[in-house]
Amino acid sequence: MAAGTVTLSADVAVQVGQFALAVDLTVDSGDVVGIVGPNGAGKSTLLRVLAGLLALDAGRVALDGVVLDDPASGVFVPPEARPAGVVFQDYLLFPHLSALDNVAFGCRRRGVPRREARRRAREWLDRMGLADRAAARPAELSGGQAQRIALARALATDPALLLLDEPLAALDAPTRRDVRRDLHHHLDAFHGVRLLVTHDPLDALTLADRIVVIEDGRVVQTGRPDEIAAQPRSAYVAELVGTNLFRGTAAGGVVRTASGADLAVVDTAAVGAVFVVIPPAAVALYRTRPDGSPRNTWPATVAGVDRLGDRTRVRVTGPLTLVADVTPAAAAELPAEVWVAVKATEIQVYPA
Amino acid sequence: MSRRPPGPVVAVAVLAVALFALPLAGLLWRAPWRSAWRELSSHDALTALRLSLQTSVLATAVAVLLGTPLAWVQARVAYPGRSVVRAVTMLPMVLPPVVGGVALLLALGRRGLVGRYLDGAGVHLPFHLSGAVAAEAFVAMPFFVLTLEAALRSVDPRLEEAARTLGAGPWAVFTRVTLPLVRPSLVAGALLCWARALGEFGATITFAGNLPGHTQTLPLFVYVKLEGSSPDAAVILSLVLLAVSLVVLVGLRERWLRAL
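Just so we're clear, the structure is a prediction, and the values are computed from it rather than from any experiment.

(A) Region of interest: a nonpolar patch on the surface. Residue and element names in this part refer to chain B. The grouping of Val98, Val99, Val102, Leu105 and Leu106 at the surface amounts to a nonpolar patch, some 400 Å² of accessible area in total. Tracing the chain through its elements places Val98 in helix α5 (residues 97-108). The class of Val98 is partly exposed, set by a relative accessible area of 45%.

As structure tokens, then:
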């Protein structure tokens, strides 16, 4: 892989039955881009176009200056000739091949001799911590193992473009935490263009540096996760990514966030780098210092109020910049200076 | 659902089983076990057996070579007239074999539609081993095609897409992913086809004739013996064919049922 920046520019117009996708985006290898949106928004269609499994009706896709699809000039590079690695939603490992041969498949098809392809595949299994599963058939792998094999298979050909379609959707919650953390590391280590399709806000917020929200075949919002959480442009976006997410360091039931605030959490077992998620509905705002002694309470300043359907989202600044969901009536009576309280039980902690 | 089925239904079902089982019992009961080995090892019987094996294996090879692409096209390509093609290629399963033989004769016989040109080119199918192969392939190939087509339809096309993104062109996808995935059904279909070819009678005798040493396969030999000199030989060789069928059926049971 070249060390320099790789850029994907995709001006996509494609019609599938009644559904039209019209998306224009540029992604470079500096960011992990999360494509989010409701079911049927066109996320997977976009991925299929980029992988070459679906041809453009109009527009242009180019990777690192090389045109992959341009119907106007009759250029179409078929999927097998694109430098792309794809991790599919339910992995689609070849059931008739061992884990090792699944990972070696891409190299073999791209002309690498069998011995060398297997050596590289073994290296990838090592890196994934699955060296002992080399001989296993996909049916014998756990969900988390299958996900790692699928990722290894996509990365083994050393692609310039990595496309992940709902990479964590098929996993149960505890596995998901571990795999999410590992995926985060592997995405970090990959130097090409990274695109991740997900409908899960947590996956998007934890894995992506930049988020592209697609609704009904159109881009409705792009930005950094915190920007989008702070100023969602639609009720859907508010619900999807409108959550408070911080990086921090956990020790002894307290997480110190990057901005220096200390949060008491229930999860005393968490140690080291973590993500902290506070749902906006779990943030309470008070006119005066709340009674009792909730441990996570501090004074803050109201920075903005957005009405979105039946909810009102209030942005507050202070030791932590947060969004809170309150009723419209409560929002109408809020003073400029408020007290924020968050129950420790409402704070979710995930290993980073 | 009721656990105890109604009596009359059970009675009729038992009758149906008897309908299948009694003829087999008859064969076993009438079998001349003492002279079995002699009958089996007679020159004529061995010749017929060898011919049967040759022709049925060749017919299966023809069916696999021609039928695999046909099954793939039928399973994957939506083209106008696909159901007509399916009907034509499945017809031999329900056609009386003797009608198939007559049809083959009219198409591939010396003065047939295509046969006249084959004849000119020095290729003579009727009354020749190749004619027996053609007749058996005609009758048995649908069993292979049907089995394989069902299996191809059940392959997840997204697996083939995954292979494309990993650098496999259409041909590599077919040989490295699609075919390995349907291999159990391919083997099952080929075995089923072979068993059908081995037992072929009507089309073979009509199209290829009944020439000992050339086109007289085992079923034809059994028929001739039963009508003529040696009913004992007919019974023993019938048992051989029965045994082969049973072995194939038992061996296939799992896969065949799954394929359907």
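(B) How the structure looks around the packing of helix α3 (residues 43-76) of chain B against helix α4 (residues 82-90) of chain B. Residue and element names in this part refer to chain B. Interaxial distance between α3 and α4 falls to 10 Å at its minimum, and their mutual angle equals 145°. Remark: the crossing between α3 and α4 carries left-handed chirality. Contacts between α3 and α4 involve Leu70, Val73, Gln74, Ala75 and Arg76 from the first element and Arg82, Val85, Arg86 and Thr89 from the second. Its residues assigned to classes, the contact of α3 with α4 comprises four nonpolar, two polar and three charged.

(C) The arrangement of the sheet that holds strand β1 (residues 7-16) of chain A in detail. Residues and elements named next belong to chain A. Strands sit in the order β2-β1-β4-β5-β6 across an open sheet of five strands; the sheet is antiparallel. Among the strands making up the open sheet, the edge pair consists of β2 (19-28) and β6 (75-76). Alignment of strand β4 (residues 58-63) against strand β5 (residues 66-70), held across three bridges, turns out to be antiparallel. Paired with Ala62 across the two strands is Val67, which belongs to β5. With respect to the sheet, helix α1 (residues 43-51) is in contact with β1, β2 and β4, its orientation differing from that of β1 by roughly 115°.

(D) Main features of helix α4 (residues 143-155) of chain A. Taking 1.5 Å per residue, 13 residues should reach 18 Å; α4 of chain A reaches 18 Å between its end C-alpha atoms and fits that length. The buried fraction of α4 of chain A is high, at 11 of 13 residues. Among the residues making up α4 of chain A, those that are buried are Gly144, Ala146, Gln147, Arg148, Ile149, Ala150, Leu151, Ala152, Arg153, Ala154 and Leu155 of chain A. Taken together, the buried residues of α4 of chain A touch β7 (84-87), α2 (99-109), α3 (114-127), β8 (161-165) and α5 (173-189) of chain A together with α8 (157-165) of chain B.

Criteria and cut-off values
- Residues numbered from 1 in each chain as written.
- Chains lettered and ligands numbered in written order.
- Predicted model: local features only at pLDDT ≥ 70, side-chain atom pairs only at ≥ 80, totals over all residues.
- Heavy atoms only, no water.
- Patch = residues over 30% accessible without salt bridge, like charges linked within 9 Å, V, L, I, M, F, W, Y side chains within 5 Å.
- Areas by Shrake-Rupley, 256 points an atom, 1.4 Å probe, with all protein chains shown as cover.
- Salt bridge = Lys/Arg side-chain N within 4 Å of Asp/Glu carboxyl O.
- Helix = DSSP H or I, 4+ residues; strand = E, 2+ residues; numbered from the N terminus.
- Buried < 20%, exposed > 50% of the residue type's maximum accessible area, 1.4 Å probe, protein only.
- Axes fitted to C-alpha atoms, helices over the stretch in contact; angles between N-to-C directions.
- Left-handed = near helix turned anticlockwise from the far one by under 90°.
- Contact = heavy atoms within 4.5 Å.
- Nonpolar A, V, L, I, M, F, W, Y, C, P; charged D, E, K, R; others polar.
- Pairing = 2+ DSSP bridges.
- Expected span 1.5 Å × (residues − 1).

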